[in-house]
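Secondary and tertiary structure notes
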Amino acid sequence: MQLFPCPFCGMRAETEFAFVAEAGRTRPEGLVADPAWASYLYENSNPKGATHEIWKHLTCGEFFKMKRDSVTHIVEGSASPGNARP
């Protein structure tokens, strides 16, 4: 079992968390064509290596940013959304 750092509650089991989105993606505004909306919803960059993601801690209900390596699964840090970097 992997432990994730919640910036509000501390280290917790990965089963308490839900992946929300890649950090830095901007939701399309206004009237959006179907292909653009589908692209936003389903096409992720899925980089190999360091990633910045938005996660939700299901226990406390808070959202936060987490920086982790998608290959080694090492978590480098986490921060509340108001902070500039995890």
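Starting from 1, residues in each chain are numbered consecutively following that chain's sequence as written. Per-residue local features of the predicted model are confined to residues with pLDDT of at least 70, and side-chain atom pairs are confined, for both listing and counting, to 80 or more; whole-chain, interface and lining totals are unaffected and use all residues. To get the side-chain values, take all heavy atoms of the structure and skip hydrogens and water.

**Quick word on the pattern of salt bridges**
The salt bridge definition used is simple: a Lys or Arg side-chain nitrogen within 4 Å of an Asp or Glu carboxyl oxygen. Using the criterion set out here, one finds three salt bridges in the structure. Of the charged contacts, one joins Glu76 and Lys67 as a salt bridge, the two residues approaching to 3.4 Å between their closest N and O atoms. Working definition: with a 1.4 Å probe on protein chains only, accessible area under 20% of the residue-type maximum means buried, over 50% means exposed, and in between means partly exposed. You can call Glu76 partly exposed: its relative accessible area is 48%. Classification of Lys67 by relative accessible area gives partly exposed; the value is 24%.

**Comments concerning the environment of Glu29**
Here Glu29 shows up in the loop between β3 (17-22) and α1 (34-42). When the C-alpha atoms of Glu29 and Leu3 are compared, they prove to be 36 Å apart, with 26 residues separating the residues in sequence. Every helix listed is a DSSP run of H or I at least four residues long, and every strand listed is a run of E at least two residues long, numbered separately from the N terminus.

**Overview of the side chain of Asp69**
By the element assignment, Asp69 lies in strand β5 (residues 63-69). The charged-residue count follows a simple rule in which Lys and Arg add positive charge and Asp and Glu add negative charge, with His and chain termini not counted at all. Buried within the structure, Asp69 lacks any salt-bridge partner; its nearest side chain of opposite charge belongs to Arg68, at an N-O separation of 7.1 Å. Here a polar contact is taken to be a pair of N or O atoms separated by no more than 3.5 Å, where protein atoms must pair a possible hydrogen donor with a possible acceptor and residues adjacent in sequence count only if both atoms sit in side chains. A polar contact is formed between the side chain of Asp69 and the backbone nitrogen of Val71, at a distance of 2.7 Å.

**Some remarks on unusual backbone geometry**
Its identity as a non-glycine residue notwithstanding, Asn46 has a phi of 50°, on the positive side. Residue Asn46 is classed as exposed on the basis of its relative accessible area, which comes to 66%. Notably, His73 is not glycine yet its phi reads approximately 65°, a positive angle. By relative accessible area, which is 43% here, His73 ends up partly exposed.

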